[in-house]
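Analysis of the macromolecular model
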Amino acid sequence: MSINLNRFNRVNRKKIFNRIERTHKTAIPQAPKRPPLLHPQLDISALTDIFLSKFSASSSTYQSIDCISLVPQLVLQYTELHNTNKTLVTNLQSLLTLDKSPLDWPDALTLSTPPATGEQALGLSYATTAIAETGSLVLCASKQNPTTVNFLTDHHIIILREQDIVPNIESMWKQLSLSAEHMPRAVNIITGPSRTADIEQTIQLGAHGPRSLHLLLLAGD
Amino acid sequence: MVEHYKSNPQGSASNSTSGPHQTLFFKAQSSHALLDNTLQEALKKAKGGFIEKRSKAIADVENFESYKQQAQLVKNHTLDHLAYYLTQFEDNLIKNGGQVHWASTPEQLNNIILHICERRDAKSVIKGKSMISEEANLNAALEAAGIDVTETDLGEYIIQLAKEPPSHIIVPAIHKTRQQVEALFRNAHDLGDRELDTIAALVDEARLQLRQKFLNADIGITGANMLIADTGSAMLVTNEGNGDLTATLPKAHIVTASIEKVVPDLESASAILRVLARSATGQPITSYTSLLSGPRGIEDLDGPEEFHVILLDNQRSQMLGTPFEEMLKCIKCGACLNHCPIYSAVGGHAYGWVYPGPMGSVLTPLMTGLKQSSDLPNASTFCGRCEEVCPMGIPLPELLRQLRNKEHEEHLTPRKTRISLQSFMWTIQHPKIFYWLTQITRKVLTNTTLSQFFAKYIFTSWYNSKELPKNNSKGTFMEQYKKSSKQKKT
Ligand code: SF4
C-alpha cells in the first residue's frame, strides 16, 4: 500500500488547483485586499467588570489578589475547597518573572514540573492576555506554559494581570503580535472548564479536561 | 447556471467509502424513524433546547445581524481568492515546520493517513471530532489496516460503540437516551458493580476509559474549524478539550480539513468565531478555541513531533462558480438542523449519510451524486427557517429547489411525480379545461360524502396524516370574480 507521498501530493495539488482556477478564481500573484471588518466596541473603562461577568458566566470562579506571593496559600486553599490531593504541576519560572522573590510553597503541596502527566490534580499557569468580550483567558504554549497543564489536570488555576485584559478577540490577536515567523505552537483561548452536553443535552463539567477553572486576578500594576 | 455543475464528475469514487447507498432510502428510513419510540423520545428531549439557547445568545449581543454580515464578507472574499489563500496557507504551514497533503477524493485522504501510520509504525490512533473523516469513513479504513482507532468526543465515542454514524453534525449521539448510553458502556467496559445511573457518572466513566487511550496513542487525528492563511495555523473549536488532548499528547498530529476551511487571517477568523458558537450551542465562545501552528519547537515541553494537514476537495472545487458555491460558506454550526421540522421529526440517520438536515440535503447530492440521493432535495417543506437562522446566509431552500430542477431535468423524479407535474402543466396551459376542472373539484369538495370518498380511497396516503379542510365557498374564484364584477357594472 506504499505510495510515493511527495509525488502523490504534487499531482493532486495540481488537479485541485486546476479545478479551482477553471472557475476564474485564479491565484493572483499579489495579495488580494480583504474587505475591512467591523469589531464590536466595548466600554473601555469597564473592561475588568465586563470580563469578570462573562468569565463567571462560563462556570468559572475568580479571586482578586494584590500580590503574587499570596499564590501558594491560595492554591493550597483551593485543593481543600475541592477536596483533591495536593499535587500541583507548574513551571515556577513563569511566576518568578512576575516578581523577583521566589514563591514560598507550603510543604503540604507536592510540586512537579511540566509536562503534566495526568497524575497531578492541579495545574497552575499564566495567561498572556484575556478577552473581555467573551470572558476568555489566552495562554500561549511555551516552556513556561506547556499545553498539557491546561488539559490534563483536574483543576486549573490561572494567573492574569488585570492590565492584560483587552476588549475583543481582534485586539487579543494584536496584543499577542503573532506572525508566521514567530508562532507559538499553540494558542489556547480558554473560556470555562471542560464541558459536554452530548448525553441528553445536559451540560456536564469536566468531560476530558479540567473540572474547574479558577482565576487569580492580579490587581493593577 | 445549474448546467455548470456536473453531478459527481470524478466518478463514483467518493461513494465507495460510505458503504451502501443509505441515501437512497430516505423515505423508508424516515417512516421507520417516526415509529421508533426511543428515537422519538430522544428527539423530543433535544428539541427546543438548541433553539432557545441560540436565541438567547443572539439577544445577548447588540447586533447579531452585523456579526453575520462580517462573517459572510470573510467567506465571500476567501472563496473569490481560494487558490491564493490555499497557497499562502501551505507556504506558512511549511515555514512553521508542518506538512501539507492534498486529497481529491476521500479515498486519497484515507491513503495518506494510512501511509503516515505505516511510516510511523502506528498501532493506535485517537480522534477528535472530524466531519471530514466521516466523509471518508476513515475509521473503517484504519480498522481494516489493523489499527486500533478510538473516537474521543463523547458523542462520537458513544456512536462508535454503537457502530452507528453520527446523527447530528455537532451532537453526534443526539438520538441516544441515557439508558442506551449506559447499556453501551456496560457492554464495552469492565465495570464491575459500579453505578452508571446518572449523566455525571456516564461522563466520568468515559473520561476514565479515554484517558488511558489519550496517553497511549501513537497518532492523533482531529478536524479543523478554520485554517488561517497568513499564520499557517489550524483553528480547533471544542468544549470537551478532547481535541486539544488529541492534538497535544501523541507523537504525531494529523489535521483533516476541507479546502474551503481556509480564511485570510486571524481577524477574519474572529468574525466567524463570533457567529459560530452562538449559532451552534448558544455560547458566546466554546470552552476551548485553539490555534495550532506546527510541531513542538526545541523549547517546548509538550506537543507532537510531526504536524500534518490534509486538505480534502471531494467535489468542493466543482461547486465554485455555480449556484452551489454558496454551500461552501457553511461553517457546520448545525443551526439549520436544529430548526428544521423534517430533521426534528425523523432525526439524522434517515438522511443516510454524514450530513443531515437542510445542509445535508444540499451537500449529500453534490458529494455522492444526485442519483444516489434523489429524495433528499425533496425532504423539505420550504418553510425557510433554515435560511433564516443560517449565520452564513446560505439560501438553502433555493439550493434545494435548484436540485429539484436538476432532478427533473435528469429524469430522476419518480414517474408518478413527473406525470402529475406534466398533466398539471398541460392543464394550466388550457384555461378552459382548467376552469371546468376547478368547477368539478369545488363540487367534490363541498360535498362531504364525495370528498370523504376521495380522501379515503383515492389519495389514501396523503390524507392518512392530513385532514381535508371543509369547503363552504360560494363558487370557484372565477365564478365569484365574475359575479362581483357584474354587480359593480349594474
Ligand atoms: S448551512 Fe448554515 S445553518 Fe446550516 S450548518 Fe451550515 S452554516 Fe450552519
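Going by the structure above, here's the rest.
These remarks concern the structure in this document. Note that the structure is predicted; figures quoted are calculated from it, not measured.

Quick notes on the rules
All chains use their own residue numbering, which begins from 1 and follows the written sequence. Working convention: letters from A go to chains and numbers from 1 go to ligands, in the order in which they are written. Local features in this predicted model are restricted to residues whose pLDDT is 70 or higher, and side-chain atom pairs enter the listing and the counts only when it is 80 or higher, whereas totals over whole chains, interfaces and linings include all residues. For the side-chain quantities, the full set of heavy atoms in the structure was used; hydrogens and water were omitted. Angles shown run from 0 to 180 degrees and are taken between the N-to-C directions of axes, each axis being a line fitted to C-alpha atoms and, for helices, limited to the stretch in contact. Numbering of helices and strands runs from the N terminus; a helix is a DSSP stretch of H or I covering at least four residues, while a strand is a stretch of E covering at least two. An angle below 35 degrees is read as roughly parallel, one above 145 as roughly antiparallel, one from 65 to 115 as roughly perpendicular, and any other as oblique. The crossing is said to be left-handed when, going from far helix to near helix, the turn is anticlockwise and less than a right angle, and right-handed when the turn is clockwise. Should any heavy atoms of two residues lie within 4.5 Å, those residues are counted as being in contact. Each residue gets one label: Ala, Val, Leu, Ile, Met, Phe, Trp, Tyr, Cys and Pro are nonpolar, Asp, Glu, Lys and Arg are charged, and the others, such as Gly, are polar. For two strands to count as paired, DSSP must find a minimum of two bridges between them. Throughout this description, a polar contact denotes any pair of N or O atoms lying within 3.5 Å of each other; where both atoms belong to protein, one of them has to be capable of donating a hydrogen while the other can accept it, and for residues adjacent in sequence the pair is counted only when both atoms sit in side chains. Note that a disulfide, as used here, is simply two cysteine sulfur atoms within 2.5 Å. Burial classes follow relative accessibility: with a 1.4 Å probe on protein chains only, a residue under 20% of its type's maximum area counts as buried, one over 50% as exposed, and anything between as partly exposed. Here the arc refers to the directions that run from the helix axis out to each C-beta atom. Put simply, buried area is how much 1.4 Å-probe accessible surface two parts lose in total, over both of them, once they are put together. We define a salt bridge as a side-chain nitrogen of Lys or Arg found within 4 Å of a carboxyl oxygen belonging to Asp or Glu. Throughout this document, a residue counts as near a molecule or strand when at least one of its heavy atoms sits within 4 Å of that molecule or strand. Here, nonpolar core means buried Ala, Val, Leu, Ile, Met, Phe, Trp, Tyr and Cys residues that are tied together by side-chain atoms lying within 4.5 Å of each other.

Digging into the packing of helix α6 (residues 169-176) of chain A against helix α14 (residues 266-280) of chain B
Put simply, α6(A) and α14(B) touch, their axes get as near as 9 Å, and they point 150° apart. Classified by the angle between their axes, α6(A) and α14(B) sit roughly antiparallel to one another. Note that α6(A) runs across α14(B); the crossing there is right-handed. Contacts from A:Ile169, A:Glu170 and A:Trp173 of α6(A) reach α14(B) at B:Leu266, B:Glu267, B:Ser270, B:Ala271, B:Leu273 and B:Arg274. Across the contact of α6(A) with α14(B), the residue classes tally to 5 nonpolar, 1 polar and 3 charged.

Looking at the sheet that holds strand β5 (residues 226-228) of chain B
Sheet architecture is open: 8 strands sit in the order β8(A)-β5(A)-β6(A)-β9(A)-β9(B)-β6(B)-β5(B)-β8(B), paired in mixed fashion. Edge strands, defined here as strands with exactly one partner in the open sheet, are β8 (165-166) of chain A together with β8 (262-263) of chain B. Taken together, the 2 bridges between strand β5 (residues 129-131) of chain A and β8(A) define a ladder with parallel strand orientation. Among the inter-strand pairings, A:Ile131 is bridged to a residue of β8(A), identified as A:Val166.

Observations concerning the side chain of A:Thr191
For A:Thr191, the location among the structural elements is in the loop between β9 (186-190) and β10 (195-196). Looking at A:Thr191, its side chain comes within polar contact range of the side chain of A:Ser136, at 2.8 Å. Contact partners of A:Thr191, with chain neighbours within four places excluded, come to A:Ser58, A:Thr134, A:Gly135, A:Ser136, B:Ile285, B:Thr286 and B:Ser287.

Quick word on the state of the cysteines
Two cysteines whose sulfur atoms are joined by a covalent bond form what is called a disulfide. Residues and elements named next belong to chain B. Here the structure, examined in full by the defined rule, presents 0 disulfides over all chains. In this model cysteine 386 remains outside any disulfide bridge; the closest cysteine sulfur is found in cysteine 383, 6.3 Å from its own. Its relative accessible area of 11% is what places cysteine 386 among the buried residues.

Examining the pairing of strand β6 (residues 233-238) of chain B
Residues and elements named next belong to chain B. Judged by how many residues are buried, β6 sits mostly within the fold: 6 of 6 residues are covered. Of the two faces of β6, both are covered, the one formed by Ser233, Met235 and Val237 as well as the one formed by Ala234, Leu236 and Thr238. Of the pairings in the sheet, the one linking β5 to β6 comprises 3 bridges and is antiparallel in character. Among the inter-strand pairings, isoleucine 228 is bridged to a residue of β6, identified as serine 233. The antiparallel hairpin formed by β5 and β6 contains 4 residues in its connecting segment, where glycine 232 sits at a positive phi of about 65°. Summarising the sheet, β6 and strand β9 (residues 288-292) pair through 5 bridges and their orientation is antiparallel. Looking across to β9, one finds that threonine 238 is bridged to tyrosine 288.

Let's talk about helix α4 (residues 49-59) of chain B
Residues and elements named next belong to chain B. The complete set of buried residues in α4 reads Phe50, Arg54, Ala57 and Ile58. For α4, the angular spread of the buried residues around the axis is 95°, confining them to a single face. In α4, the exposed residues that point more than 90 degrees away from the buried face are Glu52, Lys56 and Ala59. The secondary structure elements touched by the buried residues of α4 are α3 (37-46), α5 (64-80), α14, α16 (335-338) and α19 (385-389).

Here we look at the interface of chain A and chain B
Interface size is commonly expressed as the accessible area that is lost once the parts come together. Across the boundary between the two partners, chain A contributes 84 residues, which contact 108 residues of chain B. Counting the surface lost from both chain A and chain B, the interface buries some 7,900 Å², and carbon and sulfur atoms represent 58% of this. Together, A:Arg185, A:Ile199 and A:His208 form the three largest contributors to the area buried by chain A at its contact with chain B, with a combined 12%. Seen at the junction of chain A and chain B, the total is 10 salt bridges. The closest approach of N and O atoms between A:Asp154 and B:Arg207, which form a salt bridge, is 2.7 Å. Run the count over chain A and chain B and you get 45 residue pairs in polar contact (both at pLDDT 80 or more). Every element with two or more residues in the side of chain A that touches chain B is listed here: α1 (5-22), α5 (148-151), α6, β9 and β10 of chain A. No other element matches the 12 residues that α1(A) contributes to the side of chain A that touches chain B. The class makeup of the residues in the side of chain A that touches chain B is 38 nonpolar, 28 polar and 18 charged. Relative to β9(B), β9(A) is paired through 5 bridges, and the arrangement is antiparallel. By the bridge assignment, A:Ile190 is partnered in β9(B) with B:Tyr288.

Side note on the site of the ligand
In the region of the ligand, 13 residues are neighbours, and B:Cys330, B:Cys333, B:Gly334, B:Cys336 and B:Cys390 sit closest. Among the residues forming the shell around the ligand, the class breakdown is 11 nonpolar, 1 polar and 1 charged.

Looking at the pattern of salt bridges
Residues and elements named next belong to chain B. Scanning the model with the defined rule gives 30 salt bridges over all chains in all. For arginine 119, the salt bridge identified is with glutamate 306, shortest N-O distance 3.3 Å. Pair noted here: arginine 119 is in helix α7 (residues 106-119) and glutamate 306 is in strand β10 (residues 306-312), with a separation of 187 residues, a long-range link. Within this structure, Glu135, Glu260, Lys261, Arg316 and Lys332 form a network of salt bridges that share partners.

So, the sheet that holds strand β1 (residues 99-103) of chain B
All names here are of chain B. A sheet is described by the order of its strands in space; here 6 strands give the open sequence β1-β10-β7-β4-β2-β3, paired in parallel fashion. One side of each edge strand has no neighbouring strand; the edge strands of this open sheet are β1 and β3 (148-151). For this sheet, the mean inter-axis angle between neighbouring strands, taken without regard to orientation, is 20°. Examined bridge by bridge, strand β2 (residues 124-127) and strand β4 (residues 219-222) share 3 bridges and lie parallel to one another. Paired with valine 125 across the strands is isoleucine 219, a residue of β4.

A few points about the nonpolar core
What tends to happen in soluble globular proteins is that the nonpolar side chains get buried as a cluster. In terms of nonpolar packing, the biggest core is built from 133 residues, with A:Trp173, B:Leu142, B:Tyr355 and B:Met359 touching the most fellow members. When residues of this core are assigned to their parent elements, the largest contribution, 8 residues, is made by α14(B). Every residue in contact with B:Met359, bar those within four places of it in the chain, is listed here: B:Ile169, B:Met327, B:Cys330, B:Lys332, B:Cys336, B:Leu337 and B:Leu396.

What about unusual backbone geometry?
Residue A:Pro115 is bonded to the preceding A:Pro114 through a cis peptide linkage, with omega at 0°. Along the chain, the position of A:Pro115 falls in the loop between β3 (110-112) and β4 (122-126). The residue A:Glu200 is not glycine, and still its phi comes out positive at about 50°. Position of A:Glu200 relative to the elements: it lies in the loop between β10 and β11 (204-205). Phi angles above zero are rare outside glycine, and B:Lys332 is one such case at about 55°. Here B:Lys332 shows up in the loop between α15 (316-319) and α16.

Some thoughts on the pairing of strand β12 (residues 212-218) of chain A
Residues and elements named next belong to chain A. Of all 7 residues in β12, 7 are buried; the element is thus mostly enclosed. Burial of the side chains of β12 extends over both faces: Ser212, His214, Leu216 and Leu218 are buried on one face and Leu213, Leu215 and Leu217 on the other. Where strand β1 (residues 61-65) lies against β12, 5 bridges are found, and the strand directions are parallel. Each residue of the ladder has a partner; that of threonine 61, found in β12, is histidine 214. The pairing of strand β7 (residues 155-161) with β12 spans 7 bridges and is classified as parallel. Bridged to isoleucine 157 within β12 is histidine 214.

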